[in-house]
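# Topology and contacts: notes
Single-letter residue listing:
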Amino acid sequence: MTTLLNNYFRLFDASRADERAMQDLLSLFTPDAEIVLNGTSRKGFEGFMKAFYEYNSDVKHMWEKWELQPDGSYQTNWAVCGQSADGKVYAKTGIDIARLNDAGQIIYLENVQDDKDAFSKYNQ
């Protein structure tokens with residue numbers, strides 16, 4: 001399961017410029033996966049990815065080992081650097097919490113940024 005979760009970050013970074021990587025990334029998720037960004041929940045990962053690349057021109061993740069939690073979810077600490085669509089560079093840190101179904105697809109992904117306002121533009 002942790003290989004799948006590692007592939008999530010690798011494919012996320014590659015998906016900006018590679019349509020196959022985008023399709024492989026989306027296949028890691030159920031179509032109705034719950035995505036939680038700083039406490040705001042939405043269904044489906046594809047819509048988030050489209051919005052993400054409207055606001056960002058490039059991104060690179062680094063992450064620690066995914067750890068199985070007592071509730072069956074997985075958690076990792078991560079850092080990301082990127083460039084927004086307007087050319088500004090940024091760096092952020094936080095944790096991701098993921099839950100998988102029996103088929104090995106992500107059914108829940110929560111992104112908890114250290115900066116609590118980081119995803120405010122995606123919540124509009």
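Structure shown above.
How each quantity is defined
Residues numbered from 1 in each chain as written. Predicted model: local features only at pLDDT ≥ 70, side-chain atom pairs only at ≥ 80, totals over all residues. Heavy atoms only, no water. Phe/Tyr/Trp six-rings, centres within 6.5 Å; stacked < 30°, edge-to-face > 60°. Helix = DSSP H or I, 4+ residues; strand = E, 2+ residues; numbered from the N terminus. Buried < 20%, exposed > 50% of the residue type's maximum accessible area, 1.4 Å probe, protein only. Lys NZ or Arg CZ within 6 Å of the ring centre and 35° of its normal. Contact = heavy atoms within 4.5 Å. Axes fitted to C-alpha atoms, helices over the stretch in contact; angles between N-to-C directions. Parallel < 35°, antiparallel > 145°, perpendicular 65-115°, else oblique. Left-handed = near helix turned anticlockwise from the far one by under 90°. Nonpolar A, V, L, I, M, F, W, Y, C, P; charged D, E, K, R; others polar.

Throughout the structure, instances matching the rule amount to 14 aromatic pairs. Where Phe12 meets Tyr53, the ring centres are 6.3 Å apart and the plane angle is 50 degrees; that geometry is what we call tilted. With Phe12 in helix α1 (residues 2-14) and Tyr53 in helix α3 (residues 45-55), this pair connects stretches of sequence that are 41 residues apart. On the basis of relative accessible area, Tyr53 is assigned to the buried category, the value being 18%. Taken together, the ring pairs in this structure connect Tyr8, Phe9, Phe12, Phe29, Phe45, Phe48, Phe52, Tyr53, Trp63 and Trp66 into an aromatic cluster. One Lys or Arg, Arg99, reaches over the ring of Tyr108 and ends 4.5 Å from the middle of that ring.

Residue position: Thr30 is located in strand β1 (residues 29-37). Excluding its chain neighbours within four sequence positions, the residues that come into contact with Thr30 are Asn101, Gln105, Ile106 and Ile107.

Attention now moves to the packing of α1 against α3. Interhelical geometry of α1 versus α3 gives an angle of 45 degrees and a closest axis separation of 12 Å. The orientation of α1 with respect to α3, classified from their angle, is oblique. In this structure, the crossing between α1 and α3 has a hand that is right-handed. Residue-level contacts link Tyr8, Phe12 and Asp13 of α1 to Phe45, Phe48, Met49, Phe52 and Tyr53 of α3. Residues that form the contact of α1 with α3 fall into these classes: 7 nonpolar, no polar and 1 charged.

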